[in-house]
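Listed below are the residues making up each chain.
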Amino acid sequence: MKKRNKEALNMFFSTFIVAAYVICCYFILQLASTVTNQNLYSAVTIGLVVIFGGMLFYATRVGDGKQVLRFSPSVLIMMILPSVYVISAFFAVGLPLHQQITNNSVIIYIAAVVLGYGIPYSFTSGFEMVAAEDVFYPEHFEKKNED
């Protein structure tokens, strides 16, 4: 299979996964709306949106190459910790900004997507192409990136 066809197929399946998630999420939220406990409904909604963040990560990280595993403290500090705080402040009445977060539901959805995207992104960067000469001759790789 040609590389171009394979990339197009990967992108199709990535968009299909995200579209299927949105459709399934709609039906699950319709079922969950019958729950009388508002906190349980909010938790189900946040859980589904966190899964959406993970699906979004997968959809943007398909490709050829080697899976690069790493730990990124900057992603942990800049993405995961603020999103965990926003989700915690949504449920905990005593935390600062609780009232502002509960008044604006978009913030909680954005925080949940960031959490779902940030968790895998803090441990892997996806697929990266590394040529053999870049491994054996790192100065060649640095020179090629400067051009």
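For the structure itself, consult the block above.
What you are looking at is a predicted structure, and each value in this text was computed from that prediction instead of being measured.

Caption draft 1: Up close: helix α3 (residues 73-91). Between its first and last C-alpha atoms α3 spans 26 Å; for 19 residues at 1.5 Å apiece the expected length is 27 Å, and the two agree. If you check which residues of α3 are buried, you get V75, I80, S83, V86, I87, A89 and F90.

Caption draft 2: Region of the structure containing a nonpolar patch on the surface. A cluster of nonpolar side chains, L9, F12, F13 and F16, forms an exposed patch at the surface whose accessible area comes to about 410 Å². Relative to the elements of secondary structure, F13 occurs in helix α1 (residues 3-32). Residue F13 is classed as partly exposed on the basis of its relative accessible area, which comes to 42%.

Caption draft 3: Just the packing of aromatic side chains, in detail. Considering all chains together, one arrives at 2 aromatic pairs under this definition. Ring geometry for F71 versus F123: centroids 5.6 Å apart, planes at 40°, classification tilted. Linking F71 in the loop between β1 (66-69) and α3 with F123 in the loop between α5 (105-121) and β2 (124-128), this pair joins segments that are 52 residues apart in sequence. The class of F71 is partly exposed, set by a relative accessible area of 47%. Between F90 and F91, the aromatic rings sit 5.1 Å apart at their centres with planes inclined by 85°, giving edge-to-face as the arrangement.

Caption draft 4: Main features of unusual backbone geometry. Its identity is not glycine, yet L97 carries a phi of approximately 70°, on the positive side. Tracing the chain through its elements places L97 in the loop between α3 and α4 (98-103).

Caption draft 5: Molecular detail of the nonpolar core. Residues I46, V86, I87, F90, I101, I108 and A112 are the most contacted members of the largest nonpolar core, which totals 13 residues. Counting residues per element, the ones that place at least two in this core are α2 (38-60), α3 and α5. If we skip the residues at most four places from it in the chain, I108 touches I46, V86, I87 and F90.

Caption draft 6: Here's a closer look at the side chain of H98. Note on placement: H98 falls in helix α4. Accessibility expressed as a relative area gives 12% for H98, which makes it buried. With residues up to four places along the chain from it excluded, the contact list for H98 reads A89, F90, A92 and V93.

Caption draft 7: Geometry of α5. With 17 residues, α5 extends 25 Å between its outermost C-alpha atoms, agreeing within 8% with the 24 Å of an ideal straight helix rising 1.5 Å per residue. Along α5, the residues classified as buried are I108, A111, A112, V113, L115, G116, Y117 and G118.

Caption draft 8: How the structure looks around the packing of α3 against α5. Closest axis-to-axis distance for the α3/α5 pair is 8 Å, and the angle between their directions is 140°. By the criterion of interaxial angle, the relationship of α3 to α5 is oblique. For the crossing formed where α3 meets α5, the hand is left-handed. Packed against α3, whose contacting residues are V75, M79, I80, S83, V84, V86, I87 and F90, the element α5 presents I107, I108, A111, A112, V114, L115, Y117, G118, I119 and Y121 at the interface. Residue classes in the contact of α3 with α5 are distributed as 16 nonpolar, 2 polar and no charged.

Definitions and cut-offs
- Residues numbered from 1 in each chain as written.
- Predicted model: local features only at pLDDT ≥ 70, side-chain atom pairs only at ≥ 80, totals over all residues.
- Heavy atoms only, no water.
- Helix = DSSP H or I, 4+ residues; strand = E, 2+ residues; numbered from the N terminus.
- Expected span 1.5 Å × (residues − 1).
- Buried < 20%, exposed > 50% of the residue type's maximum accessible area, 1.4 Å probe, protein only.
- Patch = residues over 30% accessible without salt bridge, like charges linked within 9 Å, V, L, I, M, F, W, Y side chains within 5 Å.
- Areas by Shrake-Rupley, 256 points an atom, 1.4 Å probe, with all protein chains shown as cover.
- Salt bridge = Lys/Arg side-chain N within 4 Å of Asp/Glu carboxyl O.
- Phe/Tyr/Trp six-rings, centres within 6.5 Å; stacked < 30°, edge-to-face > 60°.
- Core = buried A, V, L, I, M, F, W, Y, C linked by side-chain atoms within 4.5 Å.
- Contact = heavy atoms within 4.5 Å.
- Axes fitted to C-alpha atoms, helices over the stretch in contact; angles between N-to-C directions.
- Parallel < 35°, antiparallel > 145°, perpendicular 65-115°, else oblique.
- Left-handed = near helix turned anticlockwise from the far one by under 90°.
- Nonpolar A, V, L, I, M, F, W, Y, C, P; charged D, E, K, R; others polar.

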